[in-house]
Amino acid sequence: MFRKLHDPGAQTVTIFIDGRPVPAELGESVAAVLLRQPEAWCRTTPISESPRAPYCMMGVCFECLVEVDGLASVQGCLTPVRNGMRVARQQGPRSLSA
Amino acid sequence: MRPDIIVIGGGTVGAAIAYGLAKQRQQVLLLDGDDGDFRAARANFGLVWLQGKGLGMPAYQVLTRDSIALWRGFTNEIEAETKIDLAYEQNGGLAFCLGEEGFEKRRHDLMRLHNQRGERAPDWAMLDRSALERLLPKVALGPNVTGASFGRHDGHANPLRLLAALHEALLRHGGGIRHRARVERIEPVGRDFRLILDGETLVAPRIVIAAGLGSPALARQVGLVVPLRPERGQVLVTERLEPFLPLPASGLRQTGEGTVMIGATKDNPGFDVSTTAEAAAGLSRKTIEIVPALAQVRLVRQWAGLRIMTPDGHPIYAQSQSHPGAFVALCHSGVTLAAFHAETLAGAIAAGGLPENLSPFHQRRFDVPQAA
Ligand SMILES: Cc1cc2nc3c(=O)[nH]c(=O)nc-3n(C[C@H](O)[C@H](O)[C@H](O)COP(=O)(O)OP(=O)(O)OC[C@H]3O[C@@H](n4cnc5c(N)ncnc54)[C@H](O)[C@@H]3O)c2cc1C
Ligand code: FES
């Protein structure tokens, strides 16, 4: 149920945020990696298009939506990183064809 | 202050009538129940809809048409009064057809309905697939879509904003609203009605029972037997998307905020508002058949509500014969009929009686003993 803040045997992997390689550790969430980036926002809202960043980190606020491996509006805080994962920040409302 | 009239039930129907009465300079008090009640007004789909309605009951077709004719003016007035945007659009509406049989069946059904009255040119048209594609340039239709019926008068609005605006407008016209004010009993005393609430009694010379599924128990006490059954409807909502669907369809509409509403199912589990995986799967499957790209979109919510159904599916508007001054108003298209309730029906109630053209909606149509 509880986990250490830092798993000692954590392995380093690479994920891609908007195409840029970023180091991450297995066991951490996409939202955690995003928060360490110089630009911490993960999406802009569909109506006012203001930028949003992960907030609650526990799956309830839905601020952390990102595109993961082509699937949009994934909750970044509930998604553990995988080596080679492609994360994209979302801008405004999604278009249906995307 | 002693009210001239008390409206029981603060859903879309009761609130529209109460607002209309307040505009007629009546002292109105609106009493509403609590969140434990079944509340269709908070579960519905938001269509303001004519096409396909009224088979077997021409008066219902006329009523719906009349209400829609009032909707634009009603919207303008209430928006000006409350500054609440109802998001009402009336650019026509669609019913998608699957397969050649689906297309022919739809044409046949609408023709039958048209011939029931038949005096005017149809206010709908059958669109074949290529006409439909021209109308929906951003939609890649599924292979099985053969076309759609297009109803010129159809439209949609935000039903929650409508409800909020009706409450707000009622207050602005000097009416009162009491929440968590469940009427437990009605006692006729002389020409008045005494309403017994938890720990409190209110008196008024006239009452309107518009308490949705809570109505039969109340109406019985003033001599009106109103047969009702709950019909469950389930709705799905997607995440917000860029506008792609310029017109609402029965069962599929994109709101002003970008979400897509999908629904609603129909079944009869009694007083049960649970959602089912079966409904979610069925609605999703049907939707993807029409717009395959929606398969990639996230659902964010599913809910169920109970429609307020009479045996023939048509509204009940009646004044009690044994207890004049007591009215009942029930229907399952309270959004579509909101303009009629606020303008025409409230006007008639304020004047003291329902006009002859509403007699087909009297509850007595269900009193006739059924032939064996
Ligand atoms: C899934 C679904 C989809 C729908 N889609 C559409 C649509 O697209 N277009 C359309 O026009 N209509 C639609 N409807 C129907 C529409 O929602 C209803 O016709 C309308 O909301 C009915 O409103 P109402 O005020 O009669 O009932 P309700 O909203 O049920 O309100 C009744 C109120 O009475 C109160 N009450 C009950 N008992 C008492 C009591 N004893 N004392 C005091 N208060 C009491 C309750 O608290 C409640 O607030 C839909 C309904 C459903 C369920
Ligand atoms: S940060 Fe709140 S749901 Fe992910």
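Here is what the cut-offs are and how they apply
Think of each chain on its own: its residues are numbered from 1, step by step along the sequence as written. Whichever chain is written first is A, and whichever ligand is written first is 1; the rest continue in order. Local features in this predicted model are restricted to residues whose pLDDT is 70 or higher, and side-chain atom pairs enter the listing and the counts only when it is 80 or higher, whereas totals over whole chains, interfaces and linings include all residues. Water and hydrogen atoms play no part in the side-chain values, which are based on all heavy atoms of the structure. Here a strand is any run of E in DSSP of at least two residues, a helix any run of H or I of at least four, and the numbering for each starts at the N terminus. The buried label goes to any residue with under 20% of its type's maximum accessible area, the exposed label to any with over 50%, and the partly exposed label to all in between, with areas taken from a 1.4 Å probe on protein chains only. Accessible areas in this description were obtained via Shrake-Rupley with a 1.4 Å probe; residue shielding takes into account the shown protein chains only. Two strands are counted as paired when DSSP detects at least two bridges linking them. Fitted lines through C-alpha atoms serve as axes, helices being fitted only where they are in contact, and the angles separating the N-to-C directions of these axes extend from 0 to 180 degrees. Any two residues whose heavy atoms approach within 4.5 Å at even a single point are treated as in contact. Buried area counts how much accessible surface, traced with a 1.4 Å probe, disappears from two parts once they are put together, with both parts' losses summed. Here, a salt bridge means any side-chain nitrogen of Lys or Arg that lies within 4 Å of a carboxyl oxygen of Asp or Glu. For the purposes of these results, a polar contact is taken to be a pair of N or O atoms within 3.5 Å, where, inside protein, one atom must be able to donate a hydrogen and its partner to accept one; residues adjacent in sequence count only when each atom of the pair is a side-chain atom. Nearness is judged by heavy atoms alone; a residue qualifies as near a molecule or strand once a single heavy atom is within 4 Å of it. The residue classification treats Ala, Val, Leu, Ile, Met, Phe, Trp, Tyr, Cys and Pro as nonpolar and Asp, Glu, Lys and Arg as charged. All others, Gly included, are polar. For every residue, the pLDDT score states the predictor's confidence, bounded by 0 at the bottom and 100 at the top. By convention, a stacked pair of Phe, Tyr or Trp rings (six-membered ring in the case of Trp) has centres within 6.5 Å and planes under 30 degrees apart, an edge-to-face pair has planes over 60 apart, and any other such pair is tilted. Here, a charge over a ring means that NZ of Lys or CZ of Arg falls within 6 Å of the ring centre while also lying within 35 degrees of the ring normal. In this description, a nonpolar core means a group of buried Ala, Val, Leu, Ile, Met, Phe, Trp, Tyr and Cys residues linked to one another through side-chain atoms lying within 4.5 Å.

Visitor: In this structure, what is going on with the overall build of chain A? I would like to understand it.
Guide: For chain A, the helix and strand inventory stands at 1 helix and 7 strands. Secondary structure elements in chain A, listed N-terminal to C-terminal, are β-β-α-β-β-β-β-β. The burial tally for chain A puts 42% of its 98 residues in the buried class. Surface accessibility of chain A: about 5,700 Å² in total, with carbon and sulfur atoms responsible for 57%.

Visitor: How do you make sense of the sheet that holds strand S1 (residues 12-17) of chain A when you look at a structure like this?
Guide: Strands in a sheet are paired, the pairing made by backbone hydrogen bonds, and the direction either parallel or antiparallel. All names here are of chain A. Pairing is mixed across the open sheet formed by 5 strands, whose spatial order is S2-S1-S7-S5-S6. Of all the strands in the sheet, the pair left with one neighbour each is strand S2 (20-25) and strand S6 (71-75). Strand-to-strand twist across the sheet, computed as the mean angle between neighbouring axes with direction ignored, equals 40 degrees. As judged from the 3 bridges shared by strand S5 (residues 65-68) and S6, these two strands associate in the antiparallel manner. Looking at S6, one finds that Val68 is bridged to Leu71.

Visitor: Explain the interface of chain A and chain B to me, please; I cannot follow it from the model alone.
Guide: Many authors give the size of an interface as the accessible area that is lost as the parts come together. Listed as interface residues are 10 residues of chain A and, on the opposing side, 12 residues of chain B. Around 1,000 Å² of area is buried between chain A and chain B when both sides are counted, 60% of it from carbon and sulfur atoms. At the boundary of chain A with chain B, the tally comes to 1 salt bridge. Here Glu239(B) ties to Arg94(A) by a salt bridge, and the two come within 2.4 Å at their closest N and O atoms. Between the two partners, chain A and chain B, sit 6 residue pairs in polar contact (both at pLDDT 80 or more).

Visitor: Hey, could you run me through the site of ligand 1 in this one?
Guide: Residues and elements named next belong to chain B. Surveying the vicinity of ligand 1 reveals 39 residues, the closest of which are Asp32, Asp37, Ala41, Leu47 and Gly334. Contact with the protein chains removes 96% of the 1,000 Å² of surface that ligand 1 exposes when unbound. Mapped onto the shell around ligand 1, the elements with two or more residues apiece are helix H1 (12-23) and strand S16 (299-309). The biggest single contributor to the shell around ligand 1 is S16, with 4 residues. Classifying every residue of the shell around ligand 1 by side-chain character gives 17 nonpolar, 16 polar and 6 charged.

Visitor: Would you mind showing me how to read the confidence of the model for chain B here?
Guide: In low-pLDDT regions, the fine details of the predicted coordinates are not to be read closely. Across chain B, the average pLDDT comes to 95, with 98% of residues at 70 or higher. Confidence metrics for the complex model read pTM 0.92 and ipTM 0.75.

Visitor: What is the right way to look at the confidence of the model for chain A in this model?
Guide: Taken over all residues, the pLDDT of chain A has a mean of 89, while the share at 70 or more is 88%. Confidence, expressed as mean pLDDT per element, reaches its minimum in chain A at S6(A) with 89 and its maximum at strand S7 (residues 86-88) of chain A with 97.

Visitor: For this particular structure, what's the right way to read the side chain of Thr64(B)?
Guide: Of note, Thr64(B) is situated in helix H2 (residues 58-82). Apart from residues lying up to four places away in sequence, Thr64(B) is in contact with Trp49(B), Leu50(B), Lys53(B), Thr336(B) and Leu337(B).

Visitor: Would you mind going over the pattern of salt bridges with me for this structure?
Guide: Opposite charge on two side chains permits them to pair, given that their charged atoms come into close proximity. The tally for this structure, following the rule as stated, stands at 26 salt bridges over all chains. Asp69(A) is paired through a salt bridge with Arg82(A); the nearest N and O atoms lie 2.7 Å apart. On the criterion of sequence distance, the pair formed by Asp69(A) in the loop between S5 and S6 and Arg82(A) in the loop between S6 and S7 is long-range, its members being 13 residues apart. Taking relative accessible area as the criterion, Arg82(A) reaches 46% and is therefore assigned partly exposed. A salt bridge links Lys105(B) to Asp109(B); the nearest nitrogen and oxygen atoms lie 2.8 Å apart. Within this pair, Lys105(B) and its partner Asp109(B) are both found in helix H3 (residues 99-117), separated by 4 residues, close to a single helical turn. Judged by relative accessible area, Lys105(B) falls into the exposed class, the value being 52%.

Visitor: Would you take a moment to explain the packing of aromatic side chains for this structure?
Guide: All told, the structure shown has 5 aromatic pairs over all chains when counted by the stated rule. With a centroid separation of 5.5 Å and 45 degrees between ring planes, the pair formed by Phe38(B) and Phe271(B) is classed as tilted. With Phe38(B) in the loop between strand S2 (28-31) and strand S3 (47-48) and Phe271(B) in the loop between strand S15 (260-263) and helix H7 (277-290), the pair connects residues that are 233 residues apart, well separated along the chain. A centroid spacing of 5.6 Å and a plane angle of 55 degrees characterise the contact between Tyr317(B) and Phe340(B), whose relative ring orientation is tilted. Taken as a pair, Tyr317(B) in strand S17 (residues 316-319) and Phe340(B) in helix H8 (residues 338-351) lie far apart in primary sequence, 23 residues in all. The class of Tyr317(B) is buried, set by a relative accessible area of 1%. Members of the aromatic cluster, each reached through a chain of ring pairs, are Trp71(B), Phe74(B) and Tyr88(B). Directly above the ring of Phe16(A) sits Arg86(A), whose terminal nitrogen or CZ lies 4.6 Å from the centroid. Note that Arg89(A) overlies the ring of Trp41(A), its terminal NZ or CZ placed 5.4 Å from the centroid.

Visitor: What's the story with the sheet that holds strand S14 (residues 252-254) of chain B in this structure? I'm lost.
Guide: All names here are of chain B. Taken together, the 4 strands give an open sheet; going across it, the order is S14-S15-S13-S16, and neighbouring strands pair in antiparallel fashion. The sheet is open, and its two borders are formed by S14 and S16, each paired with just one other strand. Taking each pair of neighbouring strands and ignoring which way they run, the sheet shows an average axis angle of 25 degrees. Of the strand pairs in this sheet, S14 and S15 are connected by 3 bridges, and their pairing is antiparallel. Note on S15: the bridge partner recorded for Leu252 is Ile262. Relative to strand S13 (residues 229-238), H7 is tilted by about 60 degrees, and along the sheet it contacts S13, S14, S15 and S16.

Visitor: Looking at this structure, I do not really get the environment of Arg194(B). What am I missing?
Guide: All names here are of chain B. Tracing the backbone shows Arg194 in strand S10 (residues 192-197). Separated by 12 residues in sequence, Arg194 and Arg206 have C-alpha atoms that sit 9.9 Å apart. Other than its neighbours up to four places away in sequence, Arg194 contacts Arg185, Ile186, Glu187, Val189, Thr201, Leu202 and Val203.

Visitor: What's the story with the nonpolar core in this structure? I'm lost.
Guide: What tends to happen in soluble globular proteins is that the nonpolar side chains get buried as a cluster. Residue and element names in this part refer to chain B. In terms of nonpolar packing, the biggest core is built from 50 residues, with Leu21, Trp71, Phe74 and Tyr317 touching the most fellow members. Counting only elements with at least two residues in this core, the list comes to strand S1 (5-8), H1, S2, H2, helix H5 (159-172), strand S18 (326-330) and H8. One finds Leu94, Leu252, Ile290 and Val297 within the second-largest nonpolar core, a separate group that totals 27 residues.

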